[in-house]
Amino acid sequence: MKLSLNGTLLEPEAARIAPGDRGFTLGDGLFETLRVREGAIRRLNAHLARLARGTEVIGLPLPPLDLAAALEEVRAANGLSDAVLRLTLTRGEGPRGVLPPTTPHPTLLITAAPMAPAAPPARLIIATRTRRNERSPLAGVKSLNYLDNILARQEAAAAGADDAVLLNTRDRVAETSIANLFAVIDGRLLTPPLADGALPGVMRAAVLALEGAEQSLSVADLDRAGEMFLSSSLGLRPVATLAGRPLAGAATARRLTAALGEA
């Protein structure tokens, strides 16, 4: 698969990232995962707006490139009509130490992959090894610092589950390691608010524009849910079990998938 590095289309074996790139050494950067459906990049403006907000939070300038055109170039170069694009932006190379250089030279990498078949309904656990810090400004950006998410996902795998629900420092539900979480409780579709550590997901916003509301949720609230689903830029995924408890079904996820044009 061809990729784009700093605006240049390359074969993967020709791409080179500097050893001192802060994205590699410190996780100093951001990323976006974008869905391509029938040759069109879905919700492109929302993804680019979130990326821009993230650069403001961490003080990283956007490169002087047409990001939409660069993404489309990679899609077209690989002849993909149903795919996933990944945009990774780092602060670029810098000297040793934590303090960023005063004049950074960002690295921009765009890669592509065919869209995988739809995953089966997810089996969830509640993560116990780590928590989401809802007070951190990084809770609201797609940061390259994903070690907390990795710890939660490892815990899920060890328990024979597909993903783990992350709680915040106040024992409220934030999201899972890779997605936002929606739950149908007493007939209402609810999702944790951003203030509880939920990432401002692009698909989350699309769902809320159609239906549902934000509400702080506890594990006890999830125990009362009749249905749950995960939302990410790749679509909606029903939840089959939470900590071994079966969920009722996937009617809401199927209905919203159709309404969002993701079917």
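As a starting point, this report considers the structure included with it. Just so we're clear, the structure is a prediction, and the values are computed from it rather than from any experiment.

1. Some thoughts on the side chain of Arg37
Thought 1: In this structure, Arg37 sits in strand 3 (residues 29-37).
Thought 2: For Arg37, which is buried and forms no salt bridge, the nearest opposite charge comes from Glu38, at a distance of 4.9 Å.

2. What about the pattern of salt bridges?
Thought 1: Under the definition given, this model contains 18 salt bridges.
Thought 2: In this structure, Arg132 and Glu175 form a salt bridge, with 2.7 Å as the shortest nitrogen-oxygen distance. In this pair, Arg132 sits in the loop between strand 7 (122-126) and helix 4 (147-158) while Glu175 sits in strand 9 (residues 173-176), placing the two residues 43 residues apart along the sequence.
Thought 3: In this structure Arg132 comes out as buried when scored by relative accessible area, which is 11%.
Thought 4: Linking Glu134 and Arg135 is a salt bridge whose minimum nitrogen-to-oxygen distance equals 3.4 Å.
Thought 5: For Glu134, a relative accessible area of 11% gives the class buried.
Thought 6: Note on Arg135: relative accessible area 62%, which makes it exposed.
Thought 7: Where salt bridges share partners, they join Glu134, Arg135, Arg170 and Asp196 into one cluster.

Cut-offs applied
Residues numbered from 1 in each chain as written. Predicted model: local features only at pLDDT ≥ 70, side-chain atom pairs only at ≥ 80, totals over all residues. Heavy atoms only, no water. Helix = DSSP H or I, 4+ residues; strand = E, 2+ residues; numbered from the N terminus. Buried < 20%, exposed > 50% of the residue type's maximum accessible area, 1.4 Å probe, protein only. Lys, Arg positive; Asp, Glu negative; His and termini not counted. Salt bridge = Lys/Arg side-chain N within 4 Å of Asp/Glu carboxyl O.

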